[in-house]
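# What the coordinates show
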Amino acid sequence: MQSLSKKYLILTLLGVFTILLIGVLSPKIVESYSSNWNSEFEQIKSNITERVSEKIFNKEETITKLSSEIVNQTSERSNVSSIEFLEIITSNVFKKVSINIFNSDNKLIGWNKDRVINIKKLEALKEEHSGGGVFFLKTPLVIYLAKIDFSNSYLIMSAIPIEKRYRISQSDFDEISLTKELKNEFDANITIKYDTLENFNNGIKIRNSAGSQIGSLIIANISRDADVAKLAKNIELIQSMFLILTLFFLLLWIYQKVKNKEELIKLSFLILSILFLRFLFYWLNLVELLNFSNLVNPIYFSSTFGDGITKSPLELFITIITVLIIVYKLYKYINKLSKNNYSNSKIIFAAILFSSLSVLLYNSFASTVRSVIFDSSILYFKDAVLFGNYQTSFMYLNILLIGLIAVLFSISIITFLVSAISKISSYRNSINFILLFLFVTIILLIDEIVFLKSSVFLVIIYSILVFSVTYYWVNLRSGKYSGILILLLSSSILSISFLNFFNSELERNSLRRIANELTRSNVELYEYYVEDALRVIQKEAELFEMVSAKETDLNEVAFSLWTKTELPFRTQSSVVNIIDVNKNLLGSFNYKYNEEFQWRWGDELIKNGHLPKSLYDVQSAGVKTISAITPIINGDSLVGYVEVNVRHDGFWFDFVEDDKILSTLKPAVEISVNPDLLKIFEFKNGELVNYFTNILLTDEEESLLINAVLAYEKDAWLNIQINNENNIFYVKNSLENGDTKTLAVGLSDQDITWNLYDFFKVFFIHSIMILIFILFLVFINFKKWKDIRISFKTKILFSLLIVSIIPIILLAVYFKGISDEKNSDAVNYKLGKRADSVEEYINNYVNASTLTEKMIFEKAVRDLGIRFSLFEGEELLFSSEGNYYLAGILPKIISPLAYLSLNKDGVREVIIKENFENISFNSLYHRAFIAGKEYTIKISDVFNKFQLPLTGIELNVFLFGTYSLAIILIIILSTFLANQISAPIEKLTKATRSVSHGDMDIQIKNIESGEIKELIEGFNLMVRELKKNQVELAEVERESAWREMAKQVAHEIKNPLTPMKLAVQHLVIAHKDKSEKFDSIFDKVTKTIITQIDTLKNIASEFSSFAKMPSIKLEEVDLVKIANETIDLFIEEKCGIKVDASERSIILMSDKEQTQRMFVNLIRNAIQANAKEINILISLSKEIIGIEINDNGDGIDKEIKLKIFDENFTTKESGMGLGLTLTKRFLNMIGGKISVRETSSNGTTLFIEIENK
Amino acid sequence: MQISLRMKKSFLKILPLILFFLMGLFGSIVYGQNSDNEQIENIFSHFESGIKTGAVKEFSDYLYTETYISLETGVAGYFSANQSFYILKDFLSHYKPINFKIIKISTNNEKHYAIGKLVYNRSGVKGESQVFVSLKLESKKWKIYQITIN
């Protein structure tokens, strides 16, 4: 212990030294960094340049390798068909690269993804880059690293994306950005110019492997002061970290000093130290060291509780761990307290205090879980996926630990209360337990009903769960790991139940959130967004170049500009137009803004040539358009304008997007309920104008919503019965351009209530965490691995689990496979039917109508309600989603795989899995003959909604929910069965062990049947016989020993008696003869007699020694371990025996066997005195080792109290009364003593103290 | 006639009372409006000084239960008052305000809002953002419901 104390002191001093050293060195480091900052900055620049070269080189290598592959496969053939090229380049090897192959006429004959370059640009590039080196290829949406190669007369363009020039919803975006990668790695302001047109002052040339410059790297001169301050801050944080560590070791060192003091002092010191360290950690803001991580991001959780000690998921975790340690220490302390005896008044006071604590604990727990739900953007049940983002998983861990705190603290409180009550109550423990359960539940219910904090149901769940766990923990717990497992599982169930409840409250609140979102925007806000969009567009340095060069698709440029502004995310409908100086539209992207372009800015502006932004409002029936325009200029040169139009309609309804692709462009507000379940109605002056639901309201129901009694804030909550189902509605009134707008957002009660599937989703994640923790515990206890034996129970359990879970998993996989296949068939069928309809419809009209082709196609879309695209050859001819194709979101060229199947394999229809960013969808390509000409109709499920028997998500939900429930039930049942089957064998094993340790009083209660019954009966009989034989044998042995001893004694005594007799006879003769030598004979004879008497004395001593106790064999023994091993021998007794030690192990010099015998004697005595509970408390102090054995048996009568340690004293009918005497004698031999501390009719407390040498 | 005369007399007797009551009512409406406007201006003033000094605490009491926040960093969505406090605090600790001025306040209709200009220092580099803040009634008090910093 002293060495440990010394170690902490050394670590503390080392810490102090490090802090001082950092304190001394930091100004020098900062100063040196500051003075050498220029060279440091140059070094950073050099590192960045190196990294760019490395990245470019790696990509160049890939392109060259793949490009050469194509050349190798085709160079020997003078004529390669389009099909042959497609066969080569659609293989998986070319997945990373976009390949375009052109013939000598510049016609695209091979492609594996999309067309990356148009003919105009190709001509220019061919000249410039035919040398073979890589170069940057800039398209409006993507910048590629590209290479041109030739194979005979074919031109092969291979390109790898380097930078995407648009953005969409983050979750669906497959981001590619070299600039961002570098910024993240070097934390520097980096710009990459992907061309060689300009000479930049600070630019570093980016070269390809041939040595040609292909671009420039610009690293902004960051502020020296800011950079130096950042370094100083980091050093300060490191110093703070050492300060915390030093204080930690210092407190550990002090703790070693107070370790032997009163328990309360120790506990207080420990708690204060932990709180002090937590406070310091927060005060020094050490979490800033992890600033890069989302664990300190307040979006995922932040509460103002405790001035910020829970301001992020990580801070919450640290606070939870702090509280958990304190609660664990309190649990240990309260556990000890509950074993002491107190006066009745003290017990009543403590009972009131602890009951109040339980109310406080319940309320704190409920508030914490509520905060976790409401102060976080994580949708715990919607986002519940096993491999979700790490911050969500981290919050699940926090939730589990919050539950653990509540359960552990509840166990402490309940254990104390039960123990206190049992001291003043005459009822059995289990009755006291039930009484206490009722009492605490009633108090909690009263508190709940009066203050309405959560729900009565939650109170009941909480009470039942914590009392059940406590009962298990105190009375039934069999092993260390099973105890921890039950504790953690119950913590999980408790926390998820509360989480689920508060989540339903959040779901109700999401109705208000939706109403707020639908009424949030206004004209002023849109004006603000338009101004902001102009600022963004004005910063687009390459816009001038792209518009003036006129070789780029400006529709794609308009789309790229639009995505960079806030317009996609925050406005109802908008358009970005690129216009030339002659007022002609060059390119455009519109989002639900279906209005033809029209120049509305007059002639004056053109003359001006340098336009300020301007607003142009159009008022029509409450609809307002906000327009703004900015010139595209470079110096004095004007090449055109960018116009932004945004429309605001107070009664426009924009809730759920029609298709997945659109939803990536305009993500909806995150809410905790499934948006499809919502019922939204919008009224204008009492008339229904918009709705989002498939339910029609009756006039009466409409009237209820319109005439709802509103609060001061012009809103109301209503409950309305629709189709015999209760619905909760949030109604909100507002004024829109003088009209009254009433918005009602509702959800059926059924969709809000608790959901078993939701529960299991989170429970499953918790179970995985618990499993990992248990495995971790097993791993860190690896030293004890050799002691681990795979028990009979474990074998049965694993066998049952394997037999039942494997088929279940196989069934689930099989079922999923079958369902996926059926779904796929259904998709094919439904898309195919639509394609047939489109073909038939168009053919009918083409033959019998005067309409143009385009008009017929548009009519087909309208009349059939089918969204489709039409390809002529490989080129797109028409699409109902023309906007997507114009913007470059979807390729304007037919899918190469579809082209191959239709043209090479000759099939009529083919389904291809396609994707836009991270969204996958199915497209059916159907060969059609329209007016005798061949076309390809493309129909995608992403644009055409149809009902499938079970969608992928529904199937996963069903499989996951059902099979998780089944697996959990199997685990519970298997555990129960394994326990049942193995229990008698386990009993027999333990009883056999007891017998081997000399306990012959053991008998197993036989409630079994069949062979096990016979086995137990046989065992009991065997033990009884053994005991009988042992007694008889002992009797025989004793008789024989006595006989032998008598013989020996007689023999030994005989030996000196003969000389003595002879000597005396000699003396008598000498006396009779009056011999002259009588005196000398007398002397001689008496000497002989004395010698023989001494011999007799020695013989007596030897026999006395022989009768003494056997000698003891001193060795280092662990008292706690022996005590625990001993109580295992009494497992079958109807008596609860517990060992509680102040240390995990207490070592002393003793005889192991006799120490165990001492415990056996004392426990057996207590059991024979009808004790139902025996507590062995082992404590260690500097001078002594104390062992207190208290029981609740019959006690010892006053008259015999003093005699119990006397030899041969016994009150039992059988036995020799040597147990306590031997114990006392053994203790004397090892420097200990035993005494009766207390005895009454309520029980006895014996106390043993052994010198701590 | 007699009745109506009596009624007239009675009416004249209670006229001062009616006038007094109406004046009181009118006064309270005017006062209510004034107090509303004062409250709104007070919130915008606290918001301005809070953003200017980077002290979110100055206006955190005025945050709505669920505030819509959209920031230059890409953060956008509805956040609880607790979250909003730390999200804004976090933002302002990285985008250190050099100056912030509200340039337009509108309290004309139900939707009260203000637009301001924020000049900040981010890692030693100066930048500029537009700020939009609007209010909403909650528990009969005006609260900050929307903050957009682009």
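Numbering of residues starts from 1 in each chain and follows the order in which that chain's sequence is written. Here chains are named by letter from A upward and ligands by number from 1 upward, in the order in which they appear as written. Local features in this predicted model are restricted to residues of pLDDT 70 or higher, and side-chain atom pairs are both shown and tallied only at a pLDDT of 80 or more, whereas totals for entire chains, interfaces and linings draw on every residue. For the side-chain quantities, the full set of heavy atoms in the structure was used; hydrogens and water were omitted.

## Remarks on the overall build of chain A
Along the backbone of chain A there are 33 helices and 30 strands. Only C-alpha atoms enter the radius of gyration; for comparison, a globular chain is expected to reach 2.2 Å times N to the power 0.38, where N is the number of residues. Taken against the 2.2 N^0.38 rule, which gives 33 Å for 1253 residues, the C-alpha radius of gyration of chain A at 45 Å runs more than 25% over that of a compact globule. Dimensions of chain A, computed from the C-alpha atoms along their principal axes, are close to 170 × 80 × 65 Å. Looking at chain A as a whole, 47% of its 1253 residues qualify as buried. For this analysis, residues touch if any pair of their heavy atoms sits within 4.5 Å. Summarising the internal contacts of chain A: among those between residues at least 6 apart in sequence, 64% fall at separations of at least 24. When charges are tallied, Lys and Arg are placed among the positive residues and Asp and Glu among the negative ones, while His and the ends of the chain are skipped. A single reference atom marks each charge: NZ on Lys, CZ on Arg, CG on Asp, CD on Glu. For chain A, the separation between the mean place of its 134 positive charges and that of its 146 negative charges on side chains is 8 Å. A run of H or I in DSSP becomes a helix once it reaches four residues, and a run of E becomes a strand once it reaches two; helices and strands are each numbered from the N terminus. Buried, partly exposed and exposed residues are distinguished by accessible area as a fraction of the type maximum, computed with a 1.4 Å probe on protein chains only: under 20%, between the cut-offs, and over 50%, respectively.

## Here we look at the sheet that holds strand β2 (residues 108-111) of chain A
By definition, the strands of a sheet pair up through backbone hydrogen bonds, in either a parallel or an antiparallel sense. All names here are of chain A. On the basis of which strands lie adjacent, the open sheet formed by five strands has the order β2-β1-β5-β4-β3 and antiparallel pairing. The open sheet is flanked by β2 and β3 (135-138), the only strands paired with a single partner. The average undirected angle you get between the axes of adjacent strands in this sheet is 30°. Strand pairing is defined by DSSP finding a minimum of two bridges between the two strands. Where strand β1 (residues 98-102) lies against strand β5 (residues 154-164), five bridges are found, and the strand directions are antiparallel. Angles shown run from 0 to 180 degrees and are taken between the N-to-C directions of axes, each axis being a line fitted to C-alpha atoms and, for helices, limited to the stretch in contact.

## So, the sheet that holds strand β8 (residues 213-219) of chain A
Residue and element names in this part refer to chain A. Across the sheet, which stays open at both edges, the three strands sit in the order β6-β8-β7 with antiparallel pairing between neighbours. Edge strands, defined here as strands with exactly one partner in the open sheet, are β6 (190-193) and β7 (204-207). Pairs of neighbouring strands in the sheet enclose a mean axial angle of 30°, with direction left out of account. Where β7 lies against β8, four bridges are found, and the strand directions are antiparallel. From the neighbouring strand, Ile204 faces β8, where its bridge partner is Leu217. This element, helix α2 (residues 37-74), spans β6, β7 and β8 of the sheet and lies at about 145° to β8.

## Notes on the interface of chain B and chain A
Between chain B and chain A, the residue contacts involve 39 residues of the former and 40 residues of the latter. The quantity reported as buried area is the accessible area (1.4 Å probe) lost by two parts once they are put together, taken as the sum for both. Across the chain B to chain A interface the summed buried area is about 3500 Å²; carbon plus sulfur atoms make up 49%. Counted as salt bridges are all cases of a side-chain nitrogen of Lys or Arg within 4 Å of a carboxyl oxygen of Asp or Glu. Taken together, the connections running from chain B to chain A amount to two salt bridges. Here B:Lys57 makes a salt bridge to A:Asp307, at a shortest N to O gap of 3.6 Å. Every element with two or more residues in the side of chain B that touches chain A is listed here: β1 (63-70), β2 (76-80), α3 (81-94), β4 (113-122), β5 (125-138) and β6 (141-149) of chain B.

## What about helix α5 (residues 178-186) of chain A?
Since there are 3.6 residues in each turn of an α-helix, residues three or four apart along the chain are aligned in direction. Residues and elements named next belong to chain A. Within the sequence span of α5, burial applies to Leu178, Thr179 and Leu182. When α5 is viewed along its axis, its buried side chains cluster within an angular range of 100° and face the same direction. Tucked into the core, α5 has its buried residues touching α2, β5 and β6. Immediately downstream of α5, the backbone of Asp187 shows phi near 50°, a positive value. Arc definition: it is the arc formed by the directions from the helix axis to the C-beta atoms.

## Some words on a positive patch on the surface
A cluster of basic residues, A:Lys65, A:Lys95, A:Lys96 and A:Lys113, forms a positive patch on the protein surface. Inspection of the secondary structure assignment puts A:Lys95 in the loop between α3 (82-89) and β1. Residues enter patches when they are more than 30% accessible in relative terms and free of salt bridges; like-charged ones are connected within 9 Å and nonpolar ones (Val, Leu, Ile, Met, Phe, Trp, Tyr) within 5 Å. Computed by Shrake-Rupley with a 1.4 Å probe, the accessible areas treat only the displayed protein chains as cover when residues are assessed.

## Some thoughts on the pairing of strand β10 (residues 585-591) of chain A
Each regular strand shows side chains that alternate between the opposite faces of the sheet. Among the seven residues of β10(A), five are classified as buried, and the element is accordingly described as predominantly covered. Linking strand β9 (residues 573-580) of chain A to β10(A), which pair antiparallel, is a turn of four residues; within it A:Lys583 sits at a positive phi near 70°.

## Regarding the packing of aromatic side chains
The pairing test for Phe, Tyr and Trp rings, Trp by its six-membered ring, is centres within 6.5 Å, and the orientation test on the planes gives stacked under 30 degrees, edge-to-face over 60, and tilted for anything in between. In this structure the tally under the stated criterion is 49 aromatic pairs over all chains. Ring plane angle 80° and centroid distance 4.7 Å describe the contact between A:Phe136 and A:Tyr194, whose orientation is recorded as edge-to-face. On the criterion of sequence distance, the pair formed by A:Phe136 in strand β3 and A:Tyr194 in the loop between β6 and β7 is long-range, its members being 58 residues apart. No difference in accessibility class separates A:Phe136 from A:Tyr194, as the two residues are buried. Ring geometry for A:Tyr462 and A:Phe498: centres 6.3 Å apart, planes at 70°, overall edge-to-face. Taken together, the residues span a long stretch of sequence, with A:Tyr462 in helix α12 (residues 456-476) and A:Phe498 in helix α13 (residues 480-520) at a distance of 36 residues. Of the two residues examined, A:Tyr462 and A:Phe498, each falls in the buried class. Members of the aromatic cluster, each reached through a chain of ring pairs, are A:Tyr166, A:Phe173, A:Phe559, A:Trp562, A:Phe589 and A:Tyr591. We call a charge positioned above a ring when the Lys NZ or Arg CZ atom is no farther than 6 Å from the ring centre and deviates by at most 35 degrees from the ring normal. Sitting above the plane of the A:Phe651 ring, A:Lys741 keeps its charged end 5.8 Å from the centroid. Of note, B:Lys136 hangs over the ring of B:Tyr145, and the distance from its end group to the ring centre comes to 4.2 Å.

## A word on unusual backbone geometry
Outside of glycine, negative phi angles account for most residues, and trans bonds account for most peptide bonds. Of note in this structure, A:Lys583 is not a glycine but carries a positive phi near 70°. Taking relative accessible area as the criterion, A:Lys583 reaches 28% and is therefore assigned partly exposed.

## Digging into a nonpolar patch on the surface
Together, A:Ile10, A:Leu11, A:Leu14, A:Phe17, A:Leu21, A:Val24, A:Leu25 and A:Ile29 give the surface a local cluster of nonpolar side chains, amounting to about 690 Å² of exposed area. For A:Phe17, the location among the structural elements is in helix α1 (residues 2-35).

## Considering the domain arrangement of chain A
Residue and element names in this part refer to chain A. Delimitation of the domains relies on an automatic or database domain assignment. By the assigned domains, chain A splits into domain 1 (37-222), domain 2 (261-516), domain 3 (521-649), domain 4 (666-754), domain 5 (1010-1107) and domain 6 (1115-1251). The gap between the C-alpha centroids of domain 2 and domain 4 is 38 Å. Contacts between domain 2 and domain 4 engage 21 residues on the former and 19 residues on the latter. Here domain 2 packs against domain 4, burying approximately 1800 Å² in sum over the two surfaces, 73% of which is carbon and sulfur. Broken down residue by residue, the surface that domain 2 buries against domain 4 is led by Glu507, Leu511 and Ile514, which jointly contribute 33%. Here domain 2 is connected to domain 4 by zero salt bridges. Within 3.5 Å is the distance limit for a polar contact, defined as a pair of N or O atoms, with the added protein rule that one can donate a hydrogen and the other accept it, and that residues adjacent in sequence qualify only through two side-chain atoms. Where domain 2 packs against domain 4, one counts zero residue pairs in polar contact (both at pLDDT 80 or more). Elements with a contribution of two residues or more to the side of domain 2 that touches domain 4: α12 and α13. Throughout this entry, Asp, Glu, Lys and Arg are counted as charged residues, while Ala, Val, Leu, Ile, Met, Phe, Trp, Tyr, Cys and Pro are counted as nonpolar. The remaining residues, Gly among them, count as polar. When the residues that make up the side of domain 2 that touches domain 4 are grouped by side-chain class, the tally is nine nonpolar, seven polar and five charged.

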